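So you can see what is in the structure, the chains are spelled out below.
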Amino acid sequence: MPARTATRREGPARTRILETASALFYAEGVHAVGVDRIIAEAGVAKATFYHHFPAKNDLVRAYVEEQSRRQRVAEAAFRQLPPREALVAVFDVLGDIASGADYRGCPFINTAAEYPDPADPVRAAIADHRRWFRGMLREFLVAAGHPDPDRTADILVLLKDGMALGCDLDDPIRLRALARDAVTRVLTP
């Protein structure tokens, strides 16, 4: 991916394009939404779109990075809690999100399903987000004195993935309670 897309000044047009694409990608899927539709719904000229995003994959990568940035902002609130409580809170927030009427699954899992090549820059952005999430969980586990923070962080990531899919397919309220129970059990060595 061209480095210039990551360093451009974010202006109103770029923001409009990204917000429009984010809503459409999440609601309908990345490959189902074409550039012309994004341009029309964002109300920008084609040249403006391509000025900010030279290719659709640049926009998709920016979408993934923006989703990650939004989740990383929430990390500061979790860090105000004792580590064990923070871990439970992470999954409570995920449950809240997954219980929303407009929930359509995890944007990272959904996008990864459309980009099967692990070498693709979009998948690299997803992998970066997953490393961050796992690392955050591991840090909380270490701070809580858990005897096996690496394996337990992997288990919690797997639980998060299952929760993200399950809440889209089954009763999210019931799965939220199950996830809370699972986290509590995993945290008890």
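Further up the page is the structure itself.
All residue numbers here refer to positions counted from 1 along the written sequence of the relevant chain. Local features are withheld for residues below a pLDDT of 70 in this predicted model, meaning they are given only at 70 or higher, and side-chain atom pairs are given and counted only at 80 or more; totals for whole chains, interfaces and linings count all residues. Note: side-chain values were computed over all heavy atoms of the structure, leaving out hydrogens and water.

## As for the environment of Thr 15
And then number 1: Numbering of helices and strands runs from the N terminus, with a helix taken as a DSSP run of H or I at least four residues long and a strand as a DSSP run of E at least two residues long. Take Thr 15: it is sitting in helix α2 (residues 12–28).
And then number 2: Given a relative accessible area of 24%, Thr 15 falls into the partly exposed group.
And then number 3: The sequence separation of Thr 15 and His 52 amounts to 37 residues, and the corresponding C-alpha distance is 9.8 Å. Each residue is placed in one exposure class: buried if its accessible area under a 1.4 Å probe, protein chains only, is under 20% of its type's maximum, exposed if it is over 50%, and partly exposed if it falls in between.

## Thoughts on the packing of helix α6 (residues 83–98) against helix α8 (residues 121–143)
And then number 1: Fitted lines through C-alpha atoms serve as axes, helices being fitted only where they are in contact, and the angles separating the N-to-C directions of these axes extend from 0 to 180 degrees. One can describe the packing of α6 onto α8 by two numbers: an axis separation of 7 Å at closest approach and a directional angle of 145 degrees. On α8, the residues that touch Pro 83, Ala 86, Leu 87, Val 90, Phe 91 and Leu 94 of α6 are Phe 133, Met 136, Leu 137, Phe 140, Leu 141 and Ala 143.
And then number 2: Its residues assigned to classes, the contact of α6 with α8 shows 12 nonpolar, no polar and no charged. In this analysis, two residues are considered to be in contact whenever any of their non-hydrogen atoms come within 4.5 Å of each other. Side-chain classes are defined by residue name, with Ala, Val, Leu, Ile, Met, Phe, Trp, Tyr, Cys and Pro counting as nonpolar, Asp, Glu, Lys and Arg as charged, and the others, Gly among them, as polar.

## A word on the nonpolar core
And then number 1: Core analysis: the largest hydrophobic core is formed by 53 residues, its most contacted members being Phe 25, Ile 38, Phe 49, Leu 59 and Leu 137.
And then number 2: Those elements that place two or more of their residues in this core are α2, α3 (35–42), α5 (56–78), α6, α7 (107–114), α8, α9 (149–169) and α10 (172–187).
And then number 3: Of the residues forming this core, the biggest block, 9 residues, is contributed by α8.
And then number 4: Discounting chain neighbours no more than four positions away, the residues touching Ile 38 are Ile 17, Thr 20, Ala 21, Leu 24, Phe 25, Val 33, Phe 49 and Leu 59. Definition used in this section: a nonpolar core is a set of buried Ala, Val, Leu, Ile, Met, Phe, Trp, Tyr and Cys residues joined via side-chain atoms within 4.5 Å.

Limitation: the analysis is restricted to geometry and does not speak to function.
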